Amino acid sequence: MNGLLLGIAAGAASALLFAAVTSGGALGTPLFFMSALPVAIVTIGWGTLAGIFAVLAGLVGLWVFVSWKAALLHALVIAGPMAFYGYLVGLGRPLDPEGRSFEWYPLGRIFTAMVLITAATIVGVGMVIGFDIQATASDVADMLVAMGQASGEPGAPTREDLLPALLVYMRLMPFALGMFWLVLTAFNLWLGGRVVRMSGRLKRGDDSIAETLSLPMWMAGLFVGAALLASVDSPVGLVAGVVAGSAGMGFAMVGFAVLHVFVRGNPAAPLILGVTYGATFVLSIPLIPLAIAGILDGPLGLRAKRLNQRPGA
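If you're wondering where the values come from, they're calculated on a predicted model, not measured in any experiment.

There is a patch of nonpolar side chains on the surface, built from Val60, Trp63, Val64, Phe65, Val66, Trp68, Leu72 and Leu76 and spanning about 890 Å² of accessible area. Contributions of two or more residues to the nonpolar patch are made by helix 4 (48-65) and helix 5 (68-89). A residue is classified by how much of its surface remains accessible, and tryptophan 63, at 47% relative accessible area, is partly exposed.

Once that is clear, we can look at the side chain of asparagine 188. Residue position: asparagine 188 is located in helix 8 (residues 159-199). Judged by relative accessible area, which is 2%, asparagine 188 ranks as buried.

Turning next to the packing of helix 1 (residues 2-19) against helix 4. One can describe the packing of helix 1 onto helix 4 by two numbers: an axis separation of 7 Å at closest approach and a directional angle of 45 degrees. Comparing their axes, helix 4 and helix 1 come out oblique. Handedness of the crossing formed by helix 1 with helix 4: right-handed. Contacts from Gly3, Leu4, Gly7, Ile8, Ala10, Gly11, Ala12, Ala15, Phe18 and Ala19 of helix 1 reach helix 4 at Leu49, Ala50, Phe53, Ala54, Ala57, Gly58 and Leu62.

Right, let's talk about the packing of helix 11 (residues 235-262) against helix 12 (residues 269-282) for a bit. Two numbers describe how helix 11 lies on helix 12: the axes approach to 11 Å, and their chain directions differ by 160 degrees. The angle between helix 11 and helix 12 falls in the class roughly antiparallel. Like other packed secondary-structure pairs, helix 11 and helix 12 cross with a definite hand, here right-handed. Contacts between helix 11 and helix 12 involve Phe256, Leu259 and His260 from the former and Ile272, Leu273, Thr276, Tyr277 and Thr280 from the latter. Broken down by class, the residue content of the contact of helix 11 with helix 12 amounts to 5 nonpolar, 3 polar and no charged.

Right, let's talk about the pattern of salt bridges for a bit. For side chains of opposite charge, pairing can occur when their charged atoms come near one another. Under the defined criterion, the tally for this structure stands at 4 salt bridges. Put simply, arginine 264 and glutamate 211 hold a salt bridge, and the shortest N to O gap is 2.6 Å. Of the two residues, arginine 264 sits in the loop between helix 11 and helix 12 while glutamate 211 sits in helix 9 (residues 209-212), which places them 53 residues apart along the sequence. The partly exposed category is assigned to glutamate 211, whose relative accessible area is 36%.

About the criteria used
Residues numbered from 1 in each chain as written. Predicted model: local features only at pLDDT ≥ 70, side-chain atom pairs only at ≥ 80, totals over all residues. Heavy atoms only, no water. Patch = residues over 30% accessible without salt bridge, like charges linked within 9 Å, V, L, I, M, F, W, Y side chains within 5 Å. Areas by Shrake-Rupley, 256 points an atom, 1.4 Å probe, with all protein chains shown as cover. Salt bridge = Lys/Arg side-chain N within 4 Å of Asp/Glu carboxyl O. Helix = DSSP H or I, 4+ residues; strand = E, 2+ residues; numbered from the N terminus. Buried < 20%, exposed > 50% of the residue type's maximum accessible area, 1.4 Å probe, protein only. Axes fitted to C-alpha atoms, helices over the stretch in contact; angles between N-to-C directions. Parallel < 35°, antiparallel > 145°, perpendicular 65-115°, else oblique. Left-handed = near helix turned anticlockwise from the far one by under 90°. Contact = heavy atoms within 4.5 Å. Nonpolar A, V, L, I, M, F, W, Y, C, P; charged D, E, K, R; others polar.

Structure below.
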């Protein structure tokens, strides 16, 4: 019973964080980004049924107090997927009759599901709300021109000056959205697991993310195919952009795991990792070699070879 009540409370908290973005305040967007965290905590710590109640509580609350569209968006894009990931985190089978040791669902498979579901949910939302590159770029250009005219500054760019660059940005938006949402989802799931571990309720062992995070090789083919199709000027290109962004960022995150393994024991490891993460946050350029490393890790066994070279490995 406590787990179900906590699930309802977590769903209500998630719904409030989700609705915070409509307030227009400075904290609205950061709170929205954390809206999946209560669902992750309650599902990992108190079980799948608690997670289901969290999804239903958020659905009902938003439906009654906000709108049915917001309720479905929260359930299908945020709460539902996170409850499923939490279920996979707690999925295991006993290795002995007494249940003292378990074989847990592999972290790589959880991450694979996360990449695919991230792409599917973004594509689904795009199909419902619609996304027209030309119309959106035109609207943004008009808004920027109006802002420039209101400021009264001379030499403000015209609509014709802004439109070509905005079209490029709009073309890249599906790719960037897939990348960002995957990172945000993975962070919320990781943070939820850390909170549950600190509470002492996490039954799963302490997975070494650097050693076990992986994606199957067929995902590399999906990434390459989607990246090629993303240049097509049609809805197919937009869908392919989302898939390419999600899969590409997935391999880049695997690449980060490879980097963590390779710098272990190196006195300069904090500097190397700090510079890499900082450069990625500012420029995103390191994502390219990291994604390549993530793709090559599977067939070449980069981490496995490195770990076997370490004493005691």
